[in-house]
Amino acid sequence: MRSIYVTTPIYYVNDKPHIGHAYTSIAADALCRWHRRCGDDVWMLTGTDEHGQKVLRSAALRGISPQAHCDELSEHFRALLRLVGVQNDDFIRTTEPRHTRVVQAVLQHLYDRGDIYAADYEGWYSTAAERFWTEKDLIDGKCPDTGQAVEWVTEKNWFFKMGAYADQLRAWIDENPGFLAPASRKSEVVGALRKEIGDLCISRPKERMSWGIELPFDPDYVTYVWFDALLNYLSAVGYHPDPAQRSPDFDRRWPAAFHLVGKDILATHSIYWSTMLFALGLPPARCLYAHGWWMVEGRKMSKSLGNVVDPTMLVRAYGAEQLRYFLLREIPFGGDGDFSHQAFFNRTNADLANDLGNLAHRALSMSEKWLGGVVPALDADTEADLALGALAAKVGEGFGPLFEAAQFSKALELLWELVSAGNKYIDSQAPWALNKSGQVARLGGVLRRSLEICRIAAALLAPILPSKSQELADKLGLPENPLQRVGSLDGLIDGAPLRCGEPLFPRLLELPAEVTAALSAALAEAPPEPAPKPKKSPKTPTSAPMSETTAAPAAEATPAAGPALIEYDDFAKIALRTGLVKDAARHPKADRLLVLTIDLGEAQPRTIVAGLAQTYAPEVLVGQTVVVVANLKPIKLRGVESHGMVLAVGGDAGVQALATASAPVAPGTVVR
Ligand code: MSP
């Protein structure tokens, strides 16, 4: 039995959880569910980081005590776990006595060993980032992490002899190639360790910041929030520096730890945390895996930009399992990616409703209709059957190692090779023709293999789609669907009852109403924003529902090589004008289109059809000044003649914003 102890970072309770928090927790849960299915000894820990300046400030802003604030906010993080189906074994809060007791014992132990000493500290302190910076770290005199002002502070503080363990850490990284993952991030840490790493200031004077764990050897100070927080990984599993006071379970959990963290906190985990462990005489975690960030239109999510993606809304709008699938499938775990509703919509429809859902529905409904609704027997293998079997074997062998290495999207891509092959197999074997010509044994064999692919998919997808996989297994007449035989097209029970029922995943016809309403509201409130940094556009499936819309083509995110150049004269041919939207209505025949009445300063307002209906409610557009291509030849779009085009921002993933005029201008003003 392998032991695996999966952790997420403990989340700051300065605000409600967003999609980034849901991401790590879902990934950790999927990994744990996989290992539980493998029969491993699994423990999943998550929790909340409740001390420090940020939390104190949030509580002060709300006019309540920090503890009351933490109690309330921590509950939001717990609720999110339940909502997205995370089965954590423990949830730790750094204000709990079981944690503070261990932090104080560790501090005392390191102090007694001479690993903690007092010295004067001078430096640039950033309240927002809760840390000191050196002069050369600052960017334009401001904190490089937050861009906020810094102040020069001189004060006595307590230091951990981090630098004394730097060589041990360098050697550890060299000797344990799997310690830092993915490989692309390892070089960042190795680079940072080429320089001297110095010692770590681990205290804050109470007079400046009192919301923390008191130092046992100096009551005027509290512990630096990172030193406190990192120890959660030990305090939660029964560690104590005195072996006599340790839980007997501790050795089961440490060092089998798999820490999932965001790329922004890889340095704190690899350098602070590992050296702290060395000082305690413990080996570092087995693996530190840094994932990338979810962005929105190439920007970090932030309250001030109003672009924070709320996971609870996504669950209501699309479903918890759809969210789990999208997050783990859409971007490679380790890289950054852009969140967009259009991408979510496309991915859910393409993979779940079309590929997997269709395969299951076709195989089950034909078995029900023509074979009495029971699992049919296999027949002798043809060449096509052997090829399908070889693919199943490849998937059965390759999926697990990829999943265990947190390569979720790659594992799913591999499985989808089989799902797609299953649909093609049905197309090429044409069971309807076999039925018509009365070839019952072959019909049974073809449907059996198609049903077997559904079984394999359900078994492998269970860690990501727990209830949908169970539903699929039930339809296939399997009370349980273990991982055994995931590489073979022979795992169903001959004659077991099948149940087709409703399709596994309903096909989405348009963006959920709640999403469109939220997008419209965000548009109405959004402050004017600077242009986003050029970025690679995310890969999206081809079934983009906006693609047939010609009325409002989306500008592509700038490709690396840049677009083809045109002459100024070519540009001058395009008459761009501002237009005031006087009226807007849904197109009577097309869900994606709006029919707009736009004043361009001409004798009569024009009718312009635009593909904006999935992003904007019509009433939100009335009164907005938009940019219009005014000299396009009229074109009929689903029966309505359009006299121009409204410019909008967005790539394949759909319209994300309108090109609007930020200053008040008269209708018909020339745009250059
Ligand atoms: N409290 C510290 C962690 C201490 S662990 C001993 C912390 N908390 S956090 O709430 O700010 O961030 C928690 C995690 O969320 C980090 O791993 C961070 O990378 C992740 N994310 C925050 N925003 C994110 C995205 N937009 N996308 C993906 N993950 C992101 O840091």
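Residues numbered from 1 in each chain as written. Predicted model: local features only at pLDDT ≥ 70, side-chain atom pairs only at ≥ 80, totals over all residues. Heavy atoms only, no water.

## Considerations on the environment of Cys-32
Right, so step 1: One can find Cys-32 in helix α1 (residues 19–37).
Right, so step 2: Using a relative accessible area of 0% as the deciding quantity, one classes Cys-32 as buried.
Right, so step 3: With 368 residues separating them in the primary sequence, Cys-32 and Gly-400 have C-alpha atoms 13 Å apart.
Right, so step 4: If near-sequence neighbours (up to four positions away) are discounted, Cys-32 is found in contact with Val-6, Val-42 and Met-44. (Helix = DSSP H or I, 4+ residues; strand = E, 2+ residues; numbered from the N terminus. Buried < 20%, exposed > 50% of the residue type's maximum accessible area, 1.4 Å probe, protein only. Contact = heavy atoms within 4.5 Å.)

## Side note on the sheet that holds strand β5 (residues 116–126)
Right, so step 1: The antiparallel open sheet is built from four strands, whose spatial order is β6-β5-β7-β9. With one partner strand each, in any of the chains shown, β6 (131–133) and β9 (200–201) form the two edges of the open sheet.
Right, so step 2: As judged from the ten bridges shared by β5 and strand β7 (residues 151–160), these two strands associate in the antiparallel manner. Residue pairing for β7: Tyr-121 is matched across the bridge by Glu-155. (Pairing = 2+ DSSP bridges.)

## Comments concerning the environment of Val-150
Right, so step 1: Within the secondary structure, Val-150 sits in the loop between β6 and β7.
Right, so step 2: According to the relative accessible area criterion, Val-150 is buried, its value standing at 16%.
Right, so step 3: C-alpha separation for the pair Val-150 and Gly-123, spaced 27 residues apart in sequence, amounts to 9.4 Å.
Right, so step 4: Once you skip the residues sitting within four places of it in the chain, Val-150 turns out to touch Trp-124, Tyr-125, Ser-126, Trp-133, Leu-138, Gly-141, Lys-142 and Cys-143.

## Some thoughts on the packing of aromatic side chains
Right, so step 1: Using the criterion set out here, one finds 30 aromatic pairs in the structure.
Right, so step 2: Relative to Phe-333, the ring of Tyr-23 lies with its centre 5.4 Å away and its plane at 65°, an arrangement referred to as edge-to-face. Residue Tyr-23 is located in helix α1, and its partner Phe-333 is located in the loop between α12 (320–330) and β16 (337–338); the two are separated by 310 residues in the primary sequence.
Right, so step 3: With a centroid separation of 5.3 Å and an interplanar angle of 55°, the aromatic rings of Tyr-239 and Phe-250 are classed as tilted. A residue pair is termed long-range when its members are at least 10 positions apart, and Tyr-239 in the loop between α8 (232–235) and α9 (250–253) and Phe-250 in helix α9 qualify at eleven residues.
Right, so step 4: Judged by relative accessible area, Tyr-239 falls into the buried class, the value being 1%.
Right, so step 5: Of note, Arg-208 hangs over the ring of Tyr-125, and the distance from its end group to the ring centre comes to 4.2 Å.
Right, so step 6: The cationic tip of Lys-468 hangs over the ring face of Phe-505; the distance from NZ or CZ to the ring centre is 5.1 Å. (Phe/Tyr/Trp six-rings, centres within 6.5 Å; stacked < 30°, edge-to-face > 60°. Lys NZ or Arg CZ within 6 Å of the ring centre and 35° of its normal.)

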